[in-house]
Amino acid sequence: MALREALDGGAFGRKIDPVQGVEIVAQGKVLVYDGVGLLFRGDTCLVVYQKAARIERTRWLFDVVANYLLDNEGDLLAFMIVLPSADPPDARTRQENNDRMRKIGHRIRRLVTLPIGNAFKVNIVRTIMRGLTLLAGHSDTRSIVDTIEEGLDAILEVASERTPSARQIRADIADIYQALGEQEPRFPSIHPGKQSDPG
């Protein structure tokens, strides 16, 4: 089903409101919906949650990803960053996550989650993500990390010829932060020989 049908409110009964006038899921373009930022490049999907993981935001995210997968062959690497301002999903949203991941999980080569914030909130996100991973049966392809650089390493461990470089992924993350009105993240210098060396 074409993404434009979804954009027009047909396929999923809601309109996807992209940023910068983007009307299709284009490579390297930031899409934003109510505190969730998303960008595709090559076989990589970057997601930043600025607001609480609630049902409409989660449905929007999965709708866009599902349509991207319909229009593109192969599988995806996904890197999701959960900012301190984003509360963990409630029970209804956790069920939605589980249901939707069962449908597209076989097309997600690796999912890396980075929760940012105080220890209590980070531990809640970690517990929820581990539970969802176990329920979906994809524990070998899902990971939770402590820094953006660890996330980059986890993504690039299973990179393909379509995977953007670490330098490009950092730039794309910064673009999503900017689109959400967030301060650009600081990227530490990388030790020589690491997977996430600039490339």
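Anything mentioned here points back to the structure above.
Note that the coordinates shown come from a computational prediction; the quantities given were computed from them, not determined experimentally.

Engineer: Now, about the nonpolar core: what can you tell me, with residues and values included?
Structural biologist: By size, the foremost hydrophobic cluster in this structure holds 26 residues, and its most contacted members are Leu-38, Phe-40, Val-47, Tyr-49, Trp-60, Val-65 and Leu-76. When residues of this core are traced back to their parent elements, those giving at least two are strand S1 (31–33), strand S2 (36–41), strand S3 (44–49), helix H2 (55–71), strand S4 (76–82), helix H3 (91–104) and strand S5 (108–115). Among the elements that make up this core, the one with the highest residue count is H2 (seven residues). Of all hydrophobic cores here, the second largest spans 23 residues; its members include Val-30, Val-32, Leu-46 and Ala-154.

Engineer: So what's going on with the environment of Asp-146? Which residues, and what values?
Structural biologist: Following the sequence through the fold, Asp-146 ends up in the loop between strand S6 (142–144) and helix H5 (148–156). Asp-146 sits in the exposed class, given a relative accessible area of 52%. The sequence separation of Asp-146 and Ile-116 amounts to 30 residues, and the corresponding C-alpha distance is 7.7 Å.

Engineer: Lay out the packing of aromatic side chains in plain terms, naming residues and giving numbers.
Structural biologist: Each aromatic ring pair is summarised here by two numbers: the centre-to-centre distance and the angle between the ring planes. By the definition in use, this model includes two aromatic pairs. Aromatic side chains Tyr-33 and Trp-60 sit 5.4 Å apart centroid to centroid with 15° between the ring planes, which places their arrangement in the stacked category. Taken as a pair, Tyr-33 in strand S1 and Trp-60 in helix H2 lie far apart in primary sequence, 27 residues in all. Like Tyr-33, the residue Trp-60 is buried in the burial classification. With a centroid separation of 3.9 Å and an interplanar angle of 10°, the aromatic rings of Phe-40 and Tyr-68 are classed as stacked. Taken together, the residues Phe-40 in strand S2 and Tyr-68 in helix H2 connect sequence positions 28 residues apart. Taking relative accessible area as the criterion, Phe-40 reaches 1% and is therefore assigned buried.

Engineer: Lay out the pattern of salt bridges with the relevant residues and their values.
Structural biologist: With the rule as written, the count across this model stands at twelve salt bridges. Across the pair Arg-59 and Glu-96 runs a salt bridge, and its minimum N-O distance is 3.6 Å. With Arg-59 in helix H2 and Glu-96 in helix H3, this residue pair connects regions lying 37 residues apart in the sequence. For Arg-59, a relative accessible area of 23% puts it in the partly exposed group. For the salt bridge of Arg-100 with Glu-96, the shortest nitrogen-to-oxygen distance reads 3.2 Å. Note that Arg-100 and Glu-96 are positioned in helix H3 at a spacing of four residues, about one turn of the helix. Here the salt bridges share partners, and the residues they tie into one network are Glu-56, Arg-59, Asp-63, Glu-96 and Arg-100.

Engineer: Account for the sheet that holds S3, naming residues and giving values.
Structural biologist: Spatially, the six strands line up as an open sheet ordered S1-S2-S3-S4-S5-S6, and their pairing is mixed. Strands at the two margins of the open sheet, each flanked by one partner only, are S1 and S6. Averaged over all pairs of adjacent strands, the angle between strand axes in this sheet comes to 15°, irrespective of strand direction. Two elements, S3 and S4, share six bridges in a ladder whose sense is parallel. Directly across from Val-47, in S4, lies its bridge partner Met-80.

Engineer: Any details on H2? Residues and values, ideally.
Structural biologist: With 17 residues, H2 extends 24 Å between its outermost C-alpha atoms, agreeing within 8% with the 24 Å of an ideal straight helix rising 1.5 Å per residue. For H2, the buried fraction is high: 13 of the 17 residues fall into the buried class.

The rules behind these values
Every chain begins its residue count from 1, and numbering advances along the sequence as written. Two thresholds apply to this predicted model, a pLDDT of at least 70 for residue-level local features and 80 or more for giving and counting side-chain atom pairs, whereas whole-chain, interface and lining totals are computed over all residues. To get the side-chain values, take all heavy atoms of the structure and skip hydrogens and water. Residues belong to one nonpolar core when they are buried, are Ala, Val, Leu, Ile, Met, Phe, Trp, Tyr or Cys, and are joined through side-chain atoms within 4.5 Å. Remark: exposure states derive from per-residue accessible area (1.4 Å probe, protein chains only) relative to the maximum for the residue type, with buried under 20%, exposed over 50%, and partly exposed in between. Secondary structure elements follow DSSP: runs of H or I no shorter than four residues count as helices, runs of E no shorter than two count as strands, and numbering proceeds from the N terminus. Between rings of Phe, Tyr and Trp, where Trp is taken as its six-membered ring, a pair exists when centres lie within 6.5 Å; planes separated by under 30 degrees are stacked, by over 60 edge-to-face, and by other angles tilted. Within this document, salt bridges are pairs made up of a side-chain nitrogen of Lys or Arg and a carboxyl oxygen of Asp or Glu, the two lying within 4 Å of each other. Paired strands, in this sense, are two strands between which DSSP finds at least two bridges. To get an axis, a line is fitted to the C-alpha atoms, and for a helix only the part in contact is used. The angle between two axes follows their N-to-C directions and goes from 0 to 180 degrees. One fewer than the residue count of a helix, multiplied by 1.5 Å, yields its expected span.

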